[in-house]
Amino acid sequence: MRSVTVPAADEDPTPVIEFVGEELEKHDCPARALYQIEVAIEEIFVNIVSYAGLSEADGVEVRCEVLEDPLRVVVQFLDGGVPFDPLAKEDPDTSPEATVDREGGLGIFMVKQMMDDVSYAYEDGKNTLTILKNL
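The sections below set out a description of the structure shown in this document.

Here is what the cut-offs are and how they apply
- Residues numbered from 1 in each chain as written.
- Predicted model: local features only at pLDDT ≥ 70, side-chain atom pairs only at ≥ 80, totals over all residues.
- Heavy atoms only, no water.
- Pairing = 2+ DSSP bridges.
- Helix = DSSP H or I, 4+ residues; strand = E, 2+ residues; numbered from the N terminus.
- Axes fitted to C-alpha atoms, helices over the stretch in contact; angles between N-to-C directions.
- Contact = heavy atoms within 4.5 Å.
- Parallel < 35°, antiparallel > 145°, perpendicular 65-115°, else oblique.
- Left-handed = near helix turned anticlockwise from the far one by under 90°.
- Nonpolar A, V, L, I, M, F, W, Y, C, P; charged D, E, K, R; others polar.
- Salt bridge = Lys/Arg side-chain N within 4 Å of Asp/Glu carboxyl O.
- Buried < 20%, exposed > 50% of the residue type's maximum accessible area, 1.4 Å probe, protein only.

### A word on the sheet that holds strand 4 (residues 117–123)
Neighbouring strands of a sheet are bound in pairs by backbone hydrogen bonds; such pairs are parallel or else antiparallel.
Here comes step 1: Ordered in space as 1-2-3-5-4, the five strands form an open sheet in which the pairing is antiparallel. Sheet topology places strand 1 (2–7) and strand 4 at the edges, where each strand pairs with a single neighbour. Taking each pair of neighbouring strands and ignoring which way they run, the sheet shows an average axis angle of 20 degrees.
Here comes step 2: Relative to strand 3 (residues 72–79), strand 2 (residues 59–67) runs antiparallel, the two sharing seven bridges. Counted as the bridge partner of Val62 is Phe77 from strand 3.
Here comes step 3: Lying over the sheet, helix 2 (residues 31–51) contacts strand 1, strand 2, strand 3 and strand 5 (126–134), oriented at roughly 170 degrees with respect to strand 5.

### So, the packing of helix 2 against helix 4 (residues 107–114)
Here comes step 1: It is the contact of helix 2 with helix 4, at a shortest axis distance of 10 Å, that shows an interaxial angle of 150 degrees. In terms of their interaxial angle, helix 2 and helix 4 are classed as roughly antiparallel. Relative to helix 4, helix 2 is oriented so that their crossing is left-handed. Of the residues in helix 4, those in contact with Gln36, Val39, Ala40, Glu43, Ile44 and Asn47 of helix 2 are Gly107, Ile108, Met110, Val111 and Met114.
Here comes step 2: The class makeup of the residues in the contact of helix 2 with helix 4 is seven nonpolar, three polar and one charged.

### A short note on the packing of helix 1 (residues 14–25) against helix 2
Helix-helix packing: each pair is described by the crossing angle between the helix axes and the interaxial distance.
Here comes step 1: At a closest axis distance of 10 Å, the pairing of helix 1 and helix 2 adopts a crossing angle of 150 degrees. When the interaxial angle is binned, helix 1 and helix 2 end up roughly antiparallel. Both helix 1 and helix 2 take part in a crossing whose hand is right-handed. Touching Val16, Ile17, Val20 and Leu24 of helix 1 are Leu34, Ile37, Glu38, Ile41 and Phe45, all from helix 2.

### Regarding the pattern of salt bridges
Here comes step 1: Taken as a whole, this structure holds three salt bridges when the rule is applied.
Here comes step 2: Notably, a salt bridge pairs Lys26 with Glu23, separated by 3.1 Å at the nearest N-O pair.
Here comes step 3: Relative accessible area serves as the criterion here: at 8%, Glu23 is assigned to the buried category.
Here comes step 4: Note that Glu61 is salt-bridged to Arg63, the shortest N-O span being 3.0 Å.
Here comes step 5: Judged by relative accessible area, which is 28%, Arg63 ranks as partly exposed.
Here comes step 6: Through salt bridges with shared partners, a single network forms among Arg2, Glu23 and Lys26.

Dropping the structure here:
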């Protein structure tokens, strides 16, 4: 599993998207799956930088591995911020009436809908959010 550590000083997910994209490029990732993975990366990375309580000197480690038979990608986000399980919250009501005045709260729900598996663990002082997408 390859990894990169990105400074938490900037909410720009581009370095993470490019890192994962380089791995997926080697495996002819379908365009739709690539788009969904990029959206998930942006949502997760921006949330970590915005809400984990990290200092600008802290980093977010991102690990990526493409597995075969069946072809799938696993991306892990590790940070030393405040322990927080984004999956513990109940899925939001997405009925038209409920979404009229809503601000936020749909990002992790959207990630869960686009990925084939999303899991969270807090171990050794680190939050680890893992997404898996079948390719």
